[in-house]
Amino acid sequence: HPVKGMISPARFIPVAEENGFIITLGQWVLESACQQLSDWAKYPQTAHLSMAVNVSASQFARDEFVQDVLEILERTQAPAHLLKLELTESALVMRVEDIIEKMTVLKRYGVMFSLDDFGTGYSSLNHIREMPLDIIKIDKCFIEHLGEDDFSDAFVKMVTELANTIGVHVCVEGVETDRQYAIIKKMGIYYIQGYFFDKPMCIESFEEKYI
């Protein structure tokens, strides 16, 4: 913004949810991500890269959601198995049977699913067991004091054991220090997200730096 500068998602997403613009915004983000996957698929050095897209509860609740995703995949020719849709625990206030049905249909096409910010909502463990998830992402609030707080340590270990039992990967968010990284690797967790690796950047900067 020319006056307010960079506006974080924490500020603009609640506004978009409230006024309904989140549907249009979500569609644009999903289409942009799939187009990027399609572009990457053309080159051997980037063809393996996947893309994770956050989906709002209101977007996922739409009857047309599955068809929207399939049409975007068809239009962009993006490889479906490299698209990860991330749902937050807040999405589970919807009818869980509806969530599972939509996920199951998209899984048949290869689309992957993550449960984002795990530990901050009210999801039932029984629901998690029934959902065709690929990844459970532990919220960064449990990582900030890892190695210092017994509860955080126990929670991360518990979720990891649960995920291993049901055949789901664990990803931890908000990793920023060497110490956190070492503890997490020692726990046998290899999906890691956070500023420890790098800060958010545009596609052009990412490709220039890492590809």
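Residues numbered from 1 in each chain as written. Predicted model: local features only at pLDDT ≥ 70, side-chain atom pairs only at ≥ 80, totals over all residues. Heavy atoms only, no water.

Let's shift gears to the overall build of the chain. The number of helices and strands found in the chain is nine helices and six strands. Against the 2.2 N^0.38 benchmark of 17 Å for 211 residues, the chain shows a C-alpha radius of gyration of 18 Å, consistent with a compact globule. If you line up the chain on its principal axes, its C-alpha atoms span 45 × 45 × 40 Å. Relative to its full complement of 211 residues, the chain shows a buried share of 41%. Working note: accessible area of the chain is about 12,200 Å², and carbon and sulfur atoms make up 55% of it. Averaging the positions of the 19 positive and the 32 negative side-chain charges in the chain gives two centres separated by 2 Å. (Helix = DSSP H or I, 4+ residues; strand = E, 2+ residues; numbered from the N terminus. Rg over C-alpha atoms; globule rule 2.2 N^0.38 Å. Buried < 20%, exposed > 50% of the residue type's maximum accessible area, 1.4 Å probe, protein only. Areas by Shrake-Rupley, 256 points an atom, 1.4 Å probe, with all protein chains shown as cover. Lys, Arg positive; Asp, Glu negative; His and termini not counted. Charge placed at Lys NZ, Arg CZ, Asp CG, Glu CD.)

Both faces of the sheet carry side chains from a regular strand, because those side chains alternate between them. Examined bridge by bridge, strand 4 (residues 135-138) and strand 5 (residues 169-172) share four bridges and lie parallel to one another. Looking at the pairing, K137 lines up with C171 of strand 5. Each parallel crossover has a hand, and the one from strand 4 via helix 7 (residues 150-166) to strand 5 is right-handed. Examined bridge by bridge, strand 5 and strand 6 (residues 191-192) share two bridges and lie parallel to one another. Along strand 6, the bridge assignment pairs V172 with I192. In this region the chain leaves strand 5, passes through helix 8 (residues 178-186) and returns to the parallel neighbour strand 6; the handedness of that crossover is right-handed. (Pairing = 2+ DSSP bridges. Right-handed = clockwise from strand over helix to strand, strands pointing away.)

All right, on to the packing of aromatic side chains then. Scanning the model with the defined rule gives 10 aromatic pairs in all. Between W40 and F206, the ring centres sit 6.0 Å apart and the planes meet at 50°, which makes this aromatic pair tilted. Here W40, found in helix 2 (residues 22-40), pairs with F206, found in helix 9 (residues 203-210); they are 166 residues apart in sequence, far enough to count as distant. Look at W40 and you get buried, because its relative accessible area is 6%. The rings of F118, F142, F151 and F155 are connected pair by pair, giving a single aromatic cluster. (Phe/Tyr/Trp six-rings, centres within 6.5 Å; stacked < 30°, edge-to-face > 60°.)

Core analysis: the largest hydrophobic core is formed by 53 residues, its most contacted members being L83, L85, L106, L133, I138 and V172. Broken down by element, the residue count for this core peaks at six residues, all from helix 4 (residues 65-76). Sequence-distant contacts of V172, that is, excluding residues within four places in its chain, are made with I138, I143, I184, I189, Y191, I192 and Q193. (Core = buried A, V, L, I, M, F, W, Y, C linked by side-chain atoms within 4.5 Å. Contact = heavy atoms within 4.5 Å.)

Here helix 7 spans 25 Å end to end across 17 residues, near enough to the 24 Å set by a 1.5 Å rise per residue. Along helix 7, the positions that sit buried rather than exposed are S152, D153, F155, V156, V159, T160 and A163. One side of helix 7 carries all its buried residues, which in axial view fall inside an arc of 165°. Exposed and facing more than 90 degrees away from the buried side of helix 7 are D150, F151, E161 and T165. (Expected span 1.5 Å × (residues − 1). Arc of directions from axis to C-beta.)

The tally for this structure, following the rule as stated, stands at zero disulfides. Of all cysteine sulfurs, the one in C141 lies closest to C171, which takes part in no disulfide; the gap is 14 Å. By relative accessible area, C171 is classed as buried at 8%. (Disulfide = S-S within 2.5 Å.)

As a further point, take the environment of L25. Mapped onto the secondary structure, L25 falls in helix 2. Spatially, the C-alpha atoms of L25 and I13 are 9.4 Å apart, while their sequence positions differ by 12 residues. Beyond its immediate chain neighbours, meaning those up to four positions away, L25 contacts F12 and A16.

Looking at the element boundaries, K137 is found in strand 4. By relative accessible area, which is 4% here, K137 ends up buried. In terms of polar contacts, K137 uses its side chain to reach the side chain of E86, at 2.8 Å. Not counting the four nearest positions on each side in its chain, K137 is found in contact with E86, S114, L115, D116, D117, F118, C171, E173 and Q193. (Polar contact = N/O pair within 3.5 Å; in protein donor to acceptor, adjacent residues only side chain to side chain.)

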